[in-house]
Amino acid sequence: MDFDLAPPTGVGPLRIGMTRHAANTALDSLRDLSAVSESDRPGQHVFRPSGLMISIHCMRDMLEAIELGRPSSQTDRVLFQGVDVFALPAREVVQRMGEFTSIEEDPDDDASFIAPDLLLSFWRPFAADDEPEEEQGYHFSSVLLAQPGYYDTPAQAAERLQQSS
């Protein structure tokens, strides 16, 4: 199954801003009933037979972020504008994302990248850009799609709050 990232809206039936109850229902709909994982946690995350992890993060009864973890097989793919974010090498994902939007190295973690205009972040535990055999560093391990303000510092959050009132 293909999961198309549609920032800042969501992915599949999961929509940023939906209620926790609606998000739980949408997350449950992504579970493969023929192969339910013992690792599934209703209202938190599901693991599909491919190994793809889909996790929801809710605050104040509202879905604010969706995280997808790299599958171990290609039966599930996570795409942004045709870019398979887990099958391609991390550096190629960054290069291809740069064709659509600005993407920058996370100042706190040089193995991770943030596309702030899209509210997408890409994570891997370490960079191994020249080592294809080193799966965890050569490819991204997770992608997070979030609501506006998710990455704000406290000062930015206060400014955003002041602007909306």
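It should be noted that the structure appears before, not after, this text.
What you see is a predicted model; the values in this text were computed from it and never measured.

Caption draft 1: Focus on the pattern of salt bridges. Scanning the entire structure with this criterion turns up seven salt bridges. The salt bridge involving Asp-76 is made with Arg-48; its shortest N-O contact spans 2.8 Å. Taken as a pair, Asp-76 in the loop between β6 (62–69) and β7 (77–80) and Arg-48 in the loop between β4 (45–47) and β5 (53–59) lie far apart in primary sequence, 28 residues in all. Residues Asp-76 and Arg-48 agree in their burial class; the two are buried.

Caption draft 2: Representation of a negative patch on the surface within the structure. Residues Asp-130, Glu-131, Glu-133 and Glu-134 make up a contiguous surface patch of negative charge. Relative to the assigned elements, Asp-130 resides in the loop between β11 (120–123) and α3 (135–138).

Caption draft 3: Just helix α1 (residues 20–29), in detail. By the burial criterion, the buried members of α1 are Ala-23, Ala-26 and Leu-27. The arc that holds every buried residue of α1, seen down its axis, measures 100°, which confines them to one face. If you follow the buried residues of α1, they end up packed against β3 (14–15), β4, β5 and β6.

What counts, and where the lines are drawn
Per chain, residues are indexed from 1 in the order of the written sequence. Residues qualify for local features only when their pLDDT is at least 70, as the model is predicted, and side-chain atom pairs are given and counted only at 80 or more; totals for whole chains, interfaces and linings, by contrast, use all residues. Processing note: side-chain calculations cover all non-hydrogen atoms of the structure and skip hydrogens and water entirely. What counts as a salt bridge is simple: a side-chain nitrogen of Lys or Arg found within 4 Å of a carboxyl oxygen of Asp or Glu. Elements are defined by DSSP. Helices are runs of H or I of four residues or more, strands are runs of E of two residues or more, and each kind is numbered from the N terminus. Exposure is judged per residue with a 1.4 Å probe applied to protein chains only, and the accessible area is read against the type maximum: over 50% gives exposed, under 20% gives buried, and values in between give partly exposed. Patches draw on residues past 30% relative accessible area with no salt bridge. Two like charges within 9 Å are joined, as are two nonpolar side chains (Val, Leu, Ile, Met, Phe, Trp, Tyr) within 5 Å. Working definition of accessibility: Shrake-Rupley area with a 1.4 Å probe, residue cover restricted to the visible protein chains. In summary, the charge assignment counts Lys and Arg as positive and Asp and Glu as negative, without counting His or the chain termini. Positions of charges follow a simple convention, taking NZ of Lys, CZ of Arg, CG of Asp or CD of Glu. To be clear, the arc concerns the directions from the helix axis to the C-beta atoms. The contact definition used throughout considers only heavy atoms, calling two residues in contact when any of these lie within 4.5 Å.

It is worth stressing that arrangement in space is one thing and function is another; only the former is reported here.
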